[in-house]
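# Observations on chain architecture
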Amino acid sequence: MNALSIDQKFRTGSLLIIGIALLLAGQLAWSNFERYRRNLDNLHNLALYRAALEIANAASAERGPSGSLMDNNGTASEAWRQRLAKARTRTDLALDRVATLLAQHPESLPAAGDTLAEVRPALDQMRMLIDSLAAQPLSERSEIEIAYAIERMFSVVDRVKPLIVEIGNHATKADRNVADAVLMAQMVGNMREYAGRLGSLFIAPLATRQPIELALRRRIGNMRGRLDELNGLLARQVGGYWDRPEIEQARFAISQQYFGGNEQFLESILRVGRHSGDYPLSAAGFVQRYVPTMQAMEQLKHLIIETGAEAAAAERDAACWGMLFALLQGIAIAGVLSLLLRTGRCRLLRPLLQARRAIVELAHGDTAPITRPHAGREVGELFDAIDILRACQQQRDLLEKRLTALTRQLKQQAETDPLTGVSNRRALVELGEQLLLGASLGGGQMGLLLFDIDHFKRVNDLYGHPAGDEVLRVVAQRVRAACRSEDNVGRFGGEEFTVLVPRTDQGAARVLAEKLRCLIAEVPIVLADGQSLTVTASFGIALSRAEDDWIALLAMADQALYLAKRNGRNRVESANDTAD
Ligand SMILES: Nc1nc2c(ncn2[C@@H]2O[C@H](COP(=O)(O)OP(=O)(O)OP(=O)(O)O)[C@@H](O)[C@H]2O)c(=O)[nH]1
């Protein structure tokens, strides 16, 4: 990570943040998708549960017209046959619907198909029994046979019950939220079944016009007791869907229509049945009077399942919107974040890095102007400050250059003889000492040529002092032009000059001195006023030795010059020759 630049770290961090935002949004979308799928399953399970309850209802509803056929024949029985056919079609349709719904998700309830398969044969056997009994003349039907047929009708519903329980359990397990609807519908379904069974117990005595035996009266009593219990239970239910106004209304309708209306009616039949079979109505009349009172139970059950399905559908839609919202939210957050981070990178981080580079370059003396990045106001102010810094630096550079030039000029002035332009005495002494040091460190011998213009006093006297100056200038220029670049020509004082010759020897120094002597003596000097004159010079040469310092070398050269003067002037004498 340390190997990454700050820009790369920023980019990696930005991608990480955007990734996390997308991940969170994805998680939210996924949980909503799960909720959506769960509620789709809930809707399917509730539809299946309703269809399974419908089988039980429809099978129970077959009992009414079947019972009526027990004491009817001729034209009146035809109407009951049609009602029975209708009731059977309803049961068959309910069975087909359950089979279709189970086939849509065969993996969710694998055992339910087998349970369903057991219902059909029981239903067919029960129907055959009813049909054969109804085909017998009225006088030949016994109460026992009718009671047996009725028991078979009950057994069909008993076969459907495991299927209902299995589907109900599956729906509840899949989502606890549908448990209310399942349990409530089951309770009301049981109530409807018991109410139907209670009515069916009256059919046999009514159809055969026989008194109601004690055992049957006890069964009827038990059944009524259970129904009263269920009614009490129903009245005590609170919370969940129970408090909804439409469900409250349906509960009230059950207590009014079924329990309120049937109490006296059933009691009156039982009163007659205790002593005789002289009932005030037939089995068909009983069915016609009794069956409609159970409709409120059917309605309540239907309402409960509908309410559960509506809640599941609302949850499914909310989950769908939640999923959409989470995805949009994720995209929006990722978009805004990437925009923010991109802006931060382009308008803050990169300009800051560029500013840092510019400051480092300035510190290294690079004052070349830079291209300003497109940055925010604050960073722009930083670049303003860098511009000020650069301007100051440029000013300082300029002053430094001027100072250097001035110093160089001053140095040159301090080391130059103003009249002749060659080195002055101070400079040549300094240089002479340096060259001597170099020579002593193995840089070869240094030669010192000391020369003096002969009888210069006469020049002044004859031509005047300015002409003397002119002669000094010409001699110095001529000598400098004839020397190598590394040789140094200096004015030692008055009409006396020196030439410092590094890395030389006796022979070469003499050759140079002779050359200079000839150059001075043989070429006339033309003055400003046109007069021409010729001057000569005497030369003293001294070559450095290991033990010599500047003073010693100068003294040797001076002695050689004195000798040259003494020996007739316009000549070269070497101190080393003398020494040797
Ligand atoms: N025009 C001019 N004359 C100078 C300058 N410096 C020294 N002199 C003159 O140089 C002359 C030197 O004279 P002397 O020392 O007597 O030597 P000389 O006349 O050259 O005789 P020898 O050296 O013996 O040959 C003096 O008259 C000085 O005034 C200068 O800068 N300009």
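Reading guide: rules and limits
- Residues numbered from 1 in each chain as written.
- Predicted model: local features only at pLDDT ≥ 70, side-chain atom pairs only at ≥ 80, totals over all residues.
- Heavy atoms only, no water.
- Pairing = 2+ DSSP bridges.
- Helix = DSSP H or I, 4+ residues; strand = E, 2+ residues; numbered from the N terminus.
- Axes fitted to C-alpha atoms, helices over the stretch in contact; angles between N-to-C directions.
- Contact = heavy atoms within 4.5 Å.
- UniProt positions renumbered as here; feature names shortened; annotations may be inferred.
- Buried < 20%, exposed > 50% of the residue type's maximum accessible area, 1.4 Å probe, protein only.
- Polar contact = N/O pair within 3.5 Å; in protein donor to acceptor, adjacent residues only side chain to side chain.
- Parallel < 35°, antiparallel > 145°, perpendicular 65-115°, else oblique.
- Left-handed = near helix turned anticlockwise from the far one by under 90°.
- Nonpolar A, V, L, I, M, F, W, Y, C, P; charged D, E, K, R; others polar.
- Near = heavy atom within 4 Å.
- Areas by Shrake-Rupley, 256 points an atom, 1.4 Å probe, with all protein chains shown as cover.
- Expected span 1.5 Å × (residues − 1).
- pLDDT = per-residue confidence, 0-100.
- Salt bridge = Lys/Arg side-chain N within 4 Å of Asp/Glu carboxyl O.

Per an unreviewed UniProt entry, the recorded name for the protein chain is diguanylate cyclase, and the organism is Chitiniphilus shinanonensis.

Bringing the sheet that holds strand β1 (residues 445-453) into the picture now. In any sheet, the strands associate via hydrogen bonds between backbone groups, in a parallel or an antiparallel arrangement. Strand order in the open sheet formed by five strands is β2-β3-β1-β6-β7, and the pairing between neighbours is mixed. Each of the sheet's edge strands pairs with one partner strand only, and the pair in question is β2 (488-493) and β7 (572-574). On average, each strand axis in the sheet is tilted by 25 degrees relative to the strand beside it, whichever way the strands run. Along the sheet, helix α15 (residues 506-522) contacts β1, β3 (496-504), β6 (537-543) and β7; its crossing angle with β6, the most-contacted strand, is approximately 165 degrees. Running over the sheet, helix α16 (residues 550-566) touches β1, β2, β3, β6 and β7 and is turned about 145 degrees from β6.

Per the UniProt entry, the sites bearing "coiled-coil region" (unreviewed entry) are residues 389-416 in this numbering. In the segment residues 389-416, helix accounts for 96% and strand for 0%; the C-alpha atoms at its two ends are 40 Å apart.

Here we come to the environment of D454. Topologically, D454 is positioned in the loop between β1 and α13 (456-463). Given the relative accessible area of 6%, D454 is considered buried. Taking the C-alpha atoms as reference, D454 lies 6.6 Å from S538; in sequence the two are 84 residues apart. Polar contacts involving the side chain of D454 include one to the side chain of S538, which spans 2.6 Å.

Turning our eyes to something else, we now look at unusual backbone geometry. What is expected of a backbone is that most residues other than glycine have negative phi and most peptide bonds are trans. Non-glycine residue R209 carries a positive phi angle of around 55 degrees. Considering the arrangement of structural elements, one finds R209 in the loop between α6 (179-208) and α7 (214-236). Note on R209: relative accessible area 36%, which makes it partly exposed. Phi is positive for R569, which is not a glycine, with a value near 70 degrees. Mapped onto the secondary structure, R569 falls in the loop between α16 and β7. On the accessibility criterion, R569 (31% relative accessible area) is partly exposed.

Following both chains from N to C, one finds α6 and helix α9 (residues 283-290) inclined at 160 degrees, their axes separated by 9 Å at the closest point. If you check the angle between α6 and α9, you find them roughly antiparallel. Every pair of crossing elements has a handedness; the one defined by α6 and α9 is right-handed. Residues A195, L198, G199, F202, I203, L206 and A207 of α6 form the contact with α9, whose participating residues are A283, F286, V287 and Y290. For the contact of α6 with α9, a count of residues per class yields ten nonpolar, one polar and no charged.

Here we come to the site of the ligand. As a matter of local geometry, the ligand sits amid 16 residues, with H455, F456, N460, D469 and R569 nearest to it. Here an oxygen atom of the ligand and a backbone polar atom of F456 are 2.7 Å apart. One of the side-chain N or O atoms of E495 is found 3.4 Å from an oxygen atom in the ligand. Here the ligand, which alone exposes 660 Å², has 66% of that area covered by the protein. Ranked by the residues each element gives to the shell around the ligand, the list is headed by helix α14 (residues 465-482), at four residues. Classifying every residue of the shell around the ligand by side-chain character gives three nonpolar, five polar and eight charged.

Burial analysis of β6 places seven of its seven residues in the buried class, which makes it a mostly covered element. Residues A537, F539, I541 and L543 line one face of β6 and the alternating positions S538, G540 and A542 line the opposite face, and both faces are buried. Judged from the seven bridges that link them, β1 and β6 form a sheet pairing that is antiparallel. Counted as the bridge partner of L450 is G540 from β6. Two strands pair when backbone bridges link them, and β6 and β7 are joined in this way by three bridges, in the parallel orientation. Paired with G540 across the two strands is E573, which belongs to β7.

Moving on, we come to the packing of α6 against helix α8 (residues 245-273). Packing of α6 against α8 leaves a shortest axis separation of 13 Å and a crossing angle of 20 degrees. In terms of orientation, α6 and α8 fall into the roughly parallel class. For the crossing formed where α6 meets α8, the hand is left-handed. Along its contact with α6, which presents M184, M191, A195, L198, F202 and L206, the element α8 presents I247, I254, Y258, F259, L266, I269 and L270.

This part is about α6. Taking 1.5 Å as the rise per residue, α6 with 30 residues should run 44 Å; its terminal C-alpha atoms sit 44 Å apart, in good agreement. Most of α6 is tucked away, with 26 of its 30 residues classed as buried. R209, located one to two residues past α6, shows a positive phi value of around 55 degrees.

The next thing to look at is the confidence of the model for the protein chain. Overall, the predicted model of the protein chain reaches an average pLDDT of 89, with 98% of residues at or above 70. Listed scores for the predicted complex are pTM 0.60 and ipTM 0.97.

Applying the stated criterion across every chain yields a total of 40 salt bridges. A salt bridge links R127 to D92, with the nearest nitrogen and oxygen atoms 3.1 Å apart. One end of the pair, R127, is in helix α4 (residues 112-135); the other, D92, is in helix α3 (residues 74-104), with 35 residues separating them in the sequence. Its relative accessible area of 9% is what places R127 among the buried residues. What makes D92 partly exposed here is its relative accessible area of 25%. Between D384 and R372 there is a salt bridge; the shortest N-O distance is 2.3 Å. Highlighted residues: D384 in helix α11 (residues 377-415) and R372 in the loop between α10 (295-363) and α11, separated in sequence by twelve residues. For R372, a relative accessible area of 39% corresponds to the partly exposed category.

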